[in-house]
Amino acid sequence: MKRSGVPILLVLLGMGLSPVAPATMYCVQDAATLAAALQDAGSNGMDDEIRIAAGSYTPSGLVFGFFGSDGKSLTIEGGYVQTPAKSCLERGDDPALTVLDGAGAHAVLSLYQNKTTGDLAVRNLTLRNGIATAFNAPVDIALGDASTATLSLENAVVVGHHASGGFPAAVLNSATGALVVRNVVFAQNATTASVPPVYLYAQSGPGMTFNNVAVADNQGAGSVGGIRFGGGAPVAIGNSMFWGNSGTDLELNTTGGAALDSDDIESLAGTPDSNANPLAVDPHFAGAGDYRLRGDSPLRDAGNAGVPGGVGTLDAAGQPRIALGAIDIGAYELTDAIFRGDFEG
């Protein structure tokens, strides 16, 4: 693991900026140093950025875990090039480049910010094949009570997790902070108890933004087989698809209100405050386990690039978010060539 607070600090000074506190950058290329970086980042008193080199990483313990006790921000980002000449200075934007894999034996990622400050940001990663432990969902990311921070998950694939013991397969909890999910795939996740495979919660605060996300082919033992939004904060959902899940694809269980815009929903529980340009059509996926769109998809150019919270610049494959006209609905943008991949495994 390479750790340096100097490069980021020098860049800030060179721009004439005065950082509030030095930032620490970690460049990691194996599971042991990733685990060590997460542990160190929780209490070093600095904002932290963990850059993960391209490759596959499986935790040797229960989970790749972070417990933030210093109120500083943490960013985790995959796709970096790690060579003697290019030590995490260049990055590819496809989440498939960097995979955190539970291998069907471990939970994958547990991040908890235990202070009222300190953002959590996860980008450019595939999180796959995790199981629940006695303490964690396979993917479990949360801000602390009374938080004023932001939890964000962007340009990511969350796939193939299996949860028992009353846990969802993936849970994001921003407490009283903001929650942002953009250009993400949640697919082929399963639960054995009557909880949804994917659960997003915000007790109060700025609310939840959920744009250009695909929630597909998940299996829940209860009535909701896709995703549930809970808590008392408002939720804004735009350009997203909810399709092929067992039971209800999307459940709105928040008392803060919900605004939907240009979403493709096979089945919905709960009543949104507004629902602009609603669709309920087969997305025409590129193939089994591939949540890109075919050229004849009715979701092509059917979205709204002006949805609240923005759409980001890249899709879930690291390609430009808007191509060939208007924005597409879902996590992937249709381009001249559809790069097909299978998320099975």
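Attention in this report is confined to the structure presented alongside it. Bear in mind the structure is a predicted one, so any value in this text is a computation, not a measurement. (Residues numbered from 1 in each chain as written. Predicted model: local features only at pLDDT ≥ 70, side-chain atom pairs only at ≥ 80, totals over all residues. Heavy atoms only, no water.)

## A few points about the state of the cysteines
Applicable threshold: By definition, disulfides here are pairs of cysteine sulfur atoms that lie within 2.5 Å. Counting from the N terminus, the helices are the DSSP runs of H or I reaching at least four residues and the strands are the DSSP runs of E reaching at least two. Burial status follows relative accessibility: with a 1.4 Å probe on protein chains alone, a residue under 20% of its type maximum counts as buried, one over 50% as exposed, and anything between as partly exposed.
This model, assessed by the stated rule, comprises 1 disulfide. Across the disulfide from Cys27 sits Cys88; the S-S distance is 2.0 Å. Looking along the S-S bond of the Cys27-Cys88 disulfide, the torsion reads about 70 degrees, which is the right-handed sense. Placement of the pair is Cys27 in strand β2 (residues 23-28) and Cys88 in strand β7 (residues 87-91), with a sequence separation of 61 residues. For the residue pair Cys27 and Cys88, the accessibility class agrees, reading buried in each case.

## Quick notes on the pattern of salt bridges
To keep it simple, the criterion reads: A side-chain nitrogen of Lys or Arg and a carboxyl oxygen of Asp or Glu constitute a salt bridge if their distance falls within 4 Å.
This structure, assessed with the given rule, holds 9 salt bridges. Note that Glu154 is salt-bridged to Arg182, the shortest N-O span being 2.7 Å. Taken together, the positions of Glu154 in strand β12 (residues 150-159) and Arg182 in strand β15 (residues 178-187) put the pair 28 residues apart, joining distant regions of the chain. Relative accessible area serves as the criterion here: at 11%, Glu154 is assigned to the buried category. Put simply, Arg294 and Asp296 hold a salt bridge, and the shortest N to O gap is 3.0 Å. Each member of the salt-bridge network shares a partner with another, and the members are Glu77, Arg91, Asp93 and Arg123.

## A word on the sheet that holds strand β5 (residues 64-68)
Rule in force here: A pair of strands is treated as paired once DSSP finds two or more bridges between them. Should any heavy atoms of two residues lie within 4.5 Å, those residues are counted as being in contact. For helices, the fitted line uses only the C-alpha atoms of the stretch in contact; every axis is such a line through C-alpha atoms, and the angle between N-to-C directions lies from 0 to 180 degrees.
Reading across the sheet, the 8 strands line up as β5-β9-β11-β14-β17-β19-β22-β25 and stay open at both edges, with parallel pairing between neighbours. Edge positions in the open sheet fall to β5 and β25 (268-269), since each of these has one partner strand only. In the sheet, strand β22 (residues 248-254) pairs with β25 via 2 bridges, with the strands oriented parallel. Directly across from Leu250, in β25, lies its bridge partner Leu268. The strands touched by helix α2 (residues 31-41) within the sheet are β5 and β9 (109-113), with β5 carrying the most contacts at an inclination of about 10 degrees.

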